[in-house]
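As a plain string of letters, each chain reads:
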2 protein chains.
Amino acid sequence: MIGEKEGAGVDYLAEERAGAQFDLHSMKLFLAGGQHAYDVSKRMADLVANDPVFAKEDRVRVPRKEHYKNSLRKAGHAWKTILEQGLTEEESMKLRAFIDEPTYSDLHWGMFIPALKGQATEEQQHKWLPKAYKMAIIGCYAQTELGHGSNVQGLETTATFDASTDEFVLHSPTLTSTKWWPGGLGKASTHALVYARLITDSQDYGVHAFIVQIRSLEDHTPLPNVTVGDIGVKFGNGGYNSMDNGLLRFDHVRIPRENMLMKLATVTKEGKYIRSNKPRQLGYGAMVFVRQGIVTDASIYLSRAVTIAVRYSAIRRQFGAKDDKPEVQVIDYRTQQYRLFPLLATVYAYRIVGFWMKWLYEDVTERLNNNDFSTLPEVHACTAGLKSMTTAITADGIEECRKLCGGHGYLCASGLPELYAVYVPACTYEGDNNILLLQVARFLLKTLAQAGSGTKPVGTAAYLGNIQHLTSVNCKVSRGEDWLNPSVMLEAFEARAARIAVGCGMRVAKAPDSESAFNELSPELVEAAQAHCQLIVVSKFIEQVQKDIPGEWVKQQLEVLCNLYALSLLTAHSGDFLATGYLTSRQVSLAKDQQKALFSAVRPNAVALVDAFDHTDNYLGSDLGRYDGDVYTHLYKNAWKDPLNESVVTEGYHDYLRPVLKQQLWGPASKL
Amino acid sequence: MIGEKEGAGVDYLAEERAGAQFDLHSMKLFLAGGQHAYDVSKRMADLVANDPVFAKEDRVRVPRKEHYKNSLRKAGHAWKTILEQGLTEEESMKLRAFIDEPTYSDLHWGMFIPALKGQATEEQQHKWLPKAYKMAIIGCYAQTELGHGSNVQGLETTATFDASTDEFVLHSPTLTSTKWWPGGLGKASTHALVYARLITDSQDYGVHAFIVQIRSLEDHTPLPNVTVGDIGVKFGNGGYNSMDNGLLRFDHVRIPRENMLMKLATVTKEGKYIRSNKPRQLGYGAMVFVRQGIVTDASIYLSRAVTIAVRYSAIRRQFGAKDDKPEVQVIDYRTQQYRLFPLLATVYAYRIVGFWMKWLYEDVTERLNNNDFSTLPEVHACTAGLKSMTTAITADGIEECRKLCGGHGYLCASGLPELYAVYVPACTYEGDNNILLLQVARFLLKTLAQAGSGTKPVGTAAYLGNIQHLTSVNCKVSRGEDWLNPSVMLEAFEARAARIAVGCGMRVAKAPDSESAFNELSPELVEAAQAHCQLIVVSKFIEQVQKDIPGEWVKQQLEVLCNLYALSLLTAHSGDFLATGYLTSRQVSLAKDQQKALFSAVRPNAVALVDAFDHTDNYLGSDLGRYDGDVYTHLYKNAWKDPLNESVVTEGYHDYLRPVLKQQLWGPASKL
Ligand SMILES: Cc1cc2nc3c(=O)[nH]c(=O)nc-3n(C[C@H](O)[C@H](O)[C@H](O)COP(=O)(O)OP(=O)(O)OC[C@H]3O[C@@H](n4cnc5c(N)ncnc54)[C@H](O)[C@@H]3O)c2cc1C
Ligand SMILES: Cc1cc2nc3c(=O)[nH]c(=O)nc-3n(C[C@H](O)[C@H](O)[C@H](O)COP(=O)(O)OP(=O)(O)OC[C@H]3O[C@@H](n4cnc5c(N)ncnc54)[C@H](O)[C@@H]3O)c2cc1C
Ligand SMILES: [Ca+2]
């Protein structure tokens, strides 16, 4: 029935691939972080793609209850697979990632166990970890309440010590003290790591962590005086709705004293509170690790959206047919490139920053082991800023990719709506992005003040030791190609970041009340923080491309992407660069022209540059982003699977449509 | 069981309301566009809110089939209500808007009937409109195909005239010619207005419109050789999934010759194609009307998100508790204001532009009746640009409001995820926003060229007749308050828009091939178009606040919002203003300070300024945005309605969770 033209996309992509100028396999290895990581990823991606239990196409079509049940099945099956095949921790993590559906096990492995490791004494770890490792208990991380998320110190749940029984009494004194949001809590977990105010001897010692069993290990019913349930539907069809984010209330629930996590503080039998002399900073290593994961994930999520948008843009043709030649591929429109290629470069940038953060984690860990806390404030600020920036840009970037696909991007079949819905809470959890940037700004102000009194800034803040130079120098660019000089680029980002920070610092210093001056100036402080974070990414990208990188033309392509990344930021934020007086408008204009030259350098490699992410069709889950480019055939075929198409005449016809068409709206039989 | 603190939000909002400085009722009348429109809206909003058939809370929880069936029921019930109560067209439109669920009747009334009116002869209208008016037929608008959306001239469906039977033969020759997207087509419509290439005497006369019956009026089955169905799930839980966007293929389907809409062209019995001598521009009036509706809708959708975010930000407290005082309302943080208040001002701005566009529509209609086509290019560009700009900002603004609500914004109970998902395709349909801006840019270049040869630009482009002045003058601002001078503000936006346009114009003029220069320069051209559109909105807002406006302090508040709107654009796009040399960085810095002073002026009125939108709780559909501020009670109560909470022990427990917990993953009984 259907004529020619099918599979037209196939040829387009083949042509694109043939025209690429760099060695694809070397680029894949570079992005994976080496042969071993590449092999693991490939093996796990294929394992998931080939196991029908992990099929995910249906998830936007089934009701939530079924969707949730399916996710329990997948989590159980994943666990079985891990045990059967004796997968390593690295492999297991990858396996879960490729299943691509949030579930209780993410929290169990990603939050509950790490928190135990970080905050429990060795004795406590000995008691709890073996059970957790074999999933004989399932744990969640119950911190946020209805009334408090960002302000953890404001949590209201109480854990009051009762010396007479050697127990803590957990209680939810107000509506707003209801635990609210913890993933896995709603329906799956047997245990919760509950953050509550520790009260002993009528004194409030602030928020501490307690292990609380919430469901029976026999029949899964909630324990007495525990109220627990799911908090309801979230953004997106499938998305995060496979997760049972939960609510939890305690009505004087008793737990043994030993269930308080006691690495950093203890309560004795007698109810005496004793803070340990272990430095609290020990927990920072874990935080760096988590944030490194977030930045790497940002790169992966964005890479999925960019893969879909680049491939589809190469297949989609619209307008401009001339002299028997087909229409223009929309990827050839400069506006499409202007929106899409900087995102492609961003994926590479974040990937490289992720590698660097792995090093940073090791460095911090080693320092902590040696009781060297000197770099912590800088590391804290840097990773907070990178978390904020990469998640914000990635979320917006996914949506931009969706819009770049025109109408078809709005179908779940494009894979993009779900990708956005499931990713976007990363802007909110693990620290609200706005609040994190304000933390970075505080660090910058402090660093500037300390630099003024002789303390040399370290690491990513080192440039703030160079204020004199950075606030007086002018950009040397006189021709467009000058922008390709790494030291020129670096200086521009350093000068801009330094100048905004100094400007803010002077205004806060002058103010009588520095706290209210901080609030007053916070929009500018956010800009200072963003400039700082952009500088970090640009500088790490530049550092990377100055190293040797194997593979024909791989390094050259990365250089193009690095310059494109930096120039795209620069032109998008030209107001900053101009206002601080570092650049002239002519230099900005040269930057824009140079940016377009880079678009042209990316264009023939665009499809190969997304092929290098090496995503399976299964993982992408997109009819538009298919490797084979056979877009229209699959959109058409898959549409028929919608539940609405199960019956030819729609179910509501007799009750609700026919009466309209036949003007039979009234009468006893009418259902209207 | 639950202690104190409930309803705490109630008091916060009451205090906020008591502190407002302007007359709320007068502002409501202003925003509604007068007493009559206000009354109609109120009556229809209440009618919907009080009729349980229109309840919408469940829509994110039910499976799509049920959701769709419910929407059919609502549409039928709305129709019954309209007939029973003898509602006017104005009332009916409002009623459908407040039901707040896309459905086939939107397309029937909003596209099918208007297209008949615009493109059918009087005789044809006589035949078809009475049936359509009583809904004895249901029509949809079938233009877009799998392969072509933006490029309408590229559509592939054919309508070949067969003189031997006096019929057109409709056919879908390729896969990509499949009609794809038309709302109401998938399951509801009996008729489609099909856009197809008219072929007669072996000659292709391009795309024309044909009325095609697609389903039986007796039993609703598809007619022979018609393949029709739904295209599948779209972004969001409920959202646009109540709509049956459809696909449609013809296998040589015959329709009478008279089913071609013949106002602008006819085909005779003999197969001769005759273009009428009626000017094609007559259709432009309808286009202005549609775009006016889109801009007004943008204001309404954004107002819903802003209402929710402002109210919740006044209720939400986080950090900063001091000396027994409660924590800070997050609306008091400058970063929150910086993100939220410009959006509040934007709602007012778009509302005012919507009013102006109503005037524009009347003006154009009158001119067309007098065969005066002189303003059409300007009107076309202006309305295209405003469609693009207002829908883009509104979509992003809704998401920003959602993020401003922290974690709780991610719950569908906040109302915001659905609002975004259902709104965002406005960026794509009725013209892809990017393509529309490129059209505006083409108009600007042409206008500049014509102005160079003496043709005076008109209407919103009049400033381009003043190039000499605008490209040489400098901004006069020397103190922050100078920014409050309307003529200062206007000149700034005119100078910036003019300079960007002139810069592009010169580069395109210099180029040997102007078409490829246009593509090359298109990112800058998009900026030129945006600057032009922002100028239009700023200037219309300024014009409005220079008129008399009744009600105590209403005019003053609008002045504050007008200045805030303009300054927020100016500071966000400072790069343009600086690069064109019109502003100094000191003047930008003064603008930022002045902007904060305006935040402070808005702050005590913020809650009243959203109350003025007069949304019912039903229409908002948000636990966070409730008028009474009783946020936490309702979040908590409504969570229990989730299907996952129907059973205490979750449905998948025995099959998928227990085997994990009990290490019983293997064996014949295992479902894992
Ligand atoms: C999908 C998802 C999963 C989650 N999983 C878990 C989990 O497993 N366990 C758990 O415990 N929690 C979890 N959470 C909760 C999450 O950690 C919180 O939602 C998050 O910390 C944000 O806090 P909030 O909602 O209180 O935001 P709020 O602090 O209320 O933010 C509201 C607004 O106020 C602004 N604001 C607040 N304070 C300031 C300030 N000082 N200065 C300037 N602006 C300010 C914010 O920027 C924001 O715009 C999850 C949340 C989501 C969405
Ligand atoms: C919810 C929804 C409802 C709809 N309802 C209807 C309906 O009732 N009836 C109907 O007929 N249709 C309907 N449509 C279809 C809609 O009109 C089209 O999807 C829309 O016109 C966009 O066209 P496209 O998908 O072909 O985008 P494309 O043109 O394929 O756009 C893809 C990308 O290419 C870019 N691009 C394309 N051409 C150019 C160019 N010349 N220069 C620069 N960039 C370019 C675009 O900017 C975009 O980034 C609906 C769509 C949606 C999402
Ligand atoms: Ca759903």
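Residues numbered from 1 in each chain as written. Chains lettered and ligands numbered in written order. Predicted model: local features only at pLDDT ≥ 70, side-chain atom pairs only at ≥ 80, totals over all residues. Heavy atoms only, no water.

## Examining the sheet that holds strand β8 (residues 246-250) of chain A
All names here are of chain A.
(1) Moving on: Across the sheet, 3 strands lie side by side as β4-β8-β7; this open sheet has antiparallel pairing. One side of each edge strand has no neighbouring strand; the edge strands of this open sheet are β4 (179-180) and β7 (226-230).
(2) Moving on: Note that β4 and β8 share 2 bridges and pair antiparallel. Across the sheet, K179 pairs through a bridge with L248, a residue of β8. (Pairing = 2+ DSSP bridges. Helix = DSSP H or I, 4+ residues; strand = E, 2+ residues; numbered from the N terminus.)

## Points about the site of ligand 2
(1) Moving on: Around ligand 2, a shell composed of 30 residues is seen, among which R316 and Q336 of chain A together with T144, S150 and D432 of chain B lie nearest.
(2) Moving on: Looking at the residues close to ligand 2, they fall on chains A and B.
(3) Moving on: Take Y333 of chain A: an N or O atom from its side chain is 3.5 Å from a nitrogen atom of ligand 2.
(4) Moving on: Look at ligand 2: alone it shows 980 Å² of surface, and the protein chains cover 93% of it.
(5) Moving on: At the level of secondary structure, the elements contributing two or more residues to the shell around ligand 2 comprise α9 (334-369) of chain A together with α12 (433-452) of chain B. (Near = heavy atom within 4 Å. Polar contact = N/O pair within 3.5 Å; in protein donor to acceptor, adjacent residues only side chain to side chain. Areas by Shrake-Rupley, 256 points an atom, 1.4 Å probe, with all protein chains shown as cover.)

## Points about the sheet that holds strand β8 (residues 246-250) of chain B
(1) Moving on: Read across the open sheet, the 3 strands follow the order β4-β8-β7 (chain B); overall the sheet is antiparallel. Looking at which strands have only one partner, the edges of the open sheet turn out to be β4 (179-180) and β7 (226-230) of chain B.

## So, the packing of aromatic side chains
(1) Moving on: Taken as a whole and judged by the stated rule, the model has 48 aromatic pairs over all chains.
(2) Moving on: One aromatic cluster is present, built from ring pairs that chain together W181, F235, Y240, Y410, Y420 and Y429 of chain A together with W181, F235, Y240, Y410, Y420 and Y429 of chain B.
(3) Moving on: If you follow R17 of chain A out to its NZ or CZ, it ends over the ring of Y627 of chain A, 3.6 Å from the centre.
(4) Moving on: Lying across the ring of Y12 of chain B, R317 of chain B places its NZ or CZ 4.1 Å from the centre. (Phe/Tyr/Trp six-rings, centres within 6.5 Å; stacked < 30°, edge-to-face > 60°. Lys NZ or Arg CZ within 6 Å of the ring centre and 35° of its normal.)

## Points about helix α10 (residues 376-404) of chain B
Residue and element names in this part refer to chain B.
(1) Moving on: Over its 29 residues, α10 runs 41 Å from end to end, which matches the ideal 42 Å to within 8%, given 1.5 Å per residue.
(2) Moving on: Across the 29 residues of α10, 23 count as buried, placing the element largely inside the fold.
(3) Moving on: Looking one or two residues past α10, G406 carries a phi angle of roughly 60°, positive in sign. (Expected span 1.5 Å × (residues − 1). Buried < 20%, exposed > 50% of the residue type's maximum accessible area, 1.4 Å probe, protein only.)

## Some points on the interface of chain A and chain B
(1) Moving on: Between chain A and chain B, the residue contacts involve 146 residues of the former and 146 residues of the latter.
(2) Moving on: At the boundary of chain A and chain B, one finds 20 salt bridges.
(3) Moving on: For the salt bridge of E527 of chain A with K592 of chain B, the shortest nitrogen-to-oxygen distance reads 3.4 Å.
(4) Moving on: Grouping the amino acids of the side of chain A that touches chain B by side-chain chemistry returns 64 nonpolar, 40 polar and 42 charged. (Contact = heavy atoms within 4.5 Å. Salt bridge = Lys/Arg side-chain N within 4 Å of Asp/Glu carboxyl O. Nonpolar A, V, L, I, M, F, W, Y, C, P; charged D, E, K, R; others polar.)

## Focus on the domain arrangement of chain A
All names here are of chain A.
(1) Moving on: Segmenting chain A into domains produces domain 1 (113-274) and domain 2 (285-611).
(2) Moving on: For domain 1 versus domain 2, the distance between C-alpha centres works out to 37 Å.
(3) Moving on: Opposite the 7 residues of domain 1 that make contact, domain 2 presents 10 residues.
(4) Moving on: Both sides together, the interface formed by domain 1 and domain 2 hides about 600 Å², and carbon and sulfur atoms give 65% of it.
(5) Moving on: Taken together, the connections running from domain 1 to domain 2 amount to 0 salt bridges.
(6) Moving on: Taken together, the links from domain 1 to domain 2 amount to 3 residue pairs in polar contact (both at pLDDT 80 or more).
(7) Moving on: In terms of residue class, the side of domain 1 that touches domain 2 is built from 2 nonpolar, 5 polar and no charged. (Domains from an automatic or database assignment. Buried area = accessible area lost by both parts, 1.4 Å probe.)

## Structural notes on the UniProt feature "domain: Acyl-coenzyme A oxidase N-terminal" (unreviewed entry) in chain A
(1) Moving on: UniProt tags residues 25-138 of chain A as "domain: Acyl-coenzyme A oxidase N-terminal" (unreviewed entry).
(2) Moving on: With 74% helix and 0% strand, the stretch residues 25-138 of chain A has end C-alpha atoms that lie 40 Å from each other. (UniProt positions renumbered as here; feature names shortened; annotations may be inferred.)

## Topic: the UniProt feature "domain: Acyl-CoA oxidase/dehydrogenase middle" (unreviewed entry) in chain A
(1) Moving on: This chain's UniProt record puts "domain: Acyl-CoA oxidase/dehydrogenase middle" (unreviewed entry) on residues 140-242 of chain A.
(2) Moving on: Helix makes up 0% of residues 140-242 of chain A and strand makes up 40%, while its end C-alpha atoms are separated by 15 Å.

## Overview of the relation of the copies chain A and chain B
(1) Moving on: By a simple turn and slide, chain A fits onto chain B: the slide is 0.0 Å along the axis, the RMSD is 0.0 Å, and the turn is 180°. The transformation just described matches what one would write down for a two-fold rotation axis. Distance from the rotation axis, computed per C-alpha, reaches its smallest value in chain A at G575 of chain A: 1.7 Å.
(2) Moving on: Most of the interface of chain A is mirrored in chain B, where 100% of its interface residues again form contacts. (Least-squares fit on C-alpha atoms with pLDDT ≥ 70 in both.)

## Observations concerning unusual backbone geometry
All names here are of chain A.
(1) Moving on: Unlike most non-glycine residues, W181 shows phi in positive territory, near 115°.
(2) Moving on: Examined against the element boundaries, W181 turns out to sit in the loop between β4 and β5 (191-200).
(3) Moving on: Although it is not a glycine, F319 sits at a positive phi angle of roughly 70°.
(4) Moving on: Within the secondary structure, F319 is located in the loop between α8 (284-315) and α9.

## So, the side chain of N563 of chain B
Residue and element names in this part refer to chain B.
(1) Moving on: With respect to the helices, strands and loops of the structure, N563 is situated in helix α17 (residues 554-572).
(2) Moving on: According to the relative accessible area criterion, N563 is buried, its value standing at 13%.
(3) Moving on: If sequence neighbours within four positions are ignored, N563 has contacts with W483, L484, M489 and L598.

## Considering the pairing of strand β9 (residues 253-256) of chain A
All names here are of chain A.
(1) Moving on: Because side chains alternate across β9, one face comprises the buried residues V253 and I255, and the other comprises R254 and P256, none of which is buried.
(2) Moving on: Sheet topology places strand β3 (residues 167-171) next to β9; 4 bridges connect them, and they run antiparallel. Paired with V169 across the strands is R254, a residue of β9.

## Here's the deal with the site of ligand 1
(1) Moving on: Taken together, the neighbourhood of ligand 1 is formed by 31 residues, with T144, S150 and D432 of chain A together with R316 and Q336 of chain B sitting nearest.
(2) Moving on: Ligand 1 sits at a junction of chains, with neighbouring residues supplied by chains A and B.
(3) Moving on: Within the backbone of G183 of chain A, an N or O atom sits 3.1 Å from an oxygen atom of ligand 1.
(4) Moving on: Contributing elements (two or more residues each) for the shell around ligand 1: α12 (433-452) of chain A together with α9 (334-369) and α10 of chain B.
(5) Moving on: Considered class by class, the residues forming the shell around ligand 1 number 14 nonpolar, 13 polar and 4 charged.

## Side note on the confidence of the model for chain A
It should be kept in mind that the predicted coordinates are not to be read in detail where pLDDT is low.
(1) Moving on: Mean pLDDT for chain A: 96, with 99% of residues reaching 70 or above.
(2) Moving on: Low pLDDT, under 50, characterises residues 3-7 of chain A; the predicted model gives this stretch 13 contacts beyond four residues in sequence or across chains. (pLDDT = per-residue confidence, 0-100.)

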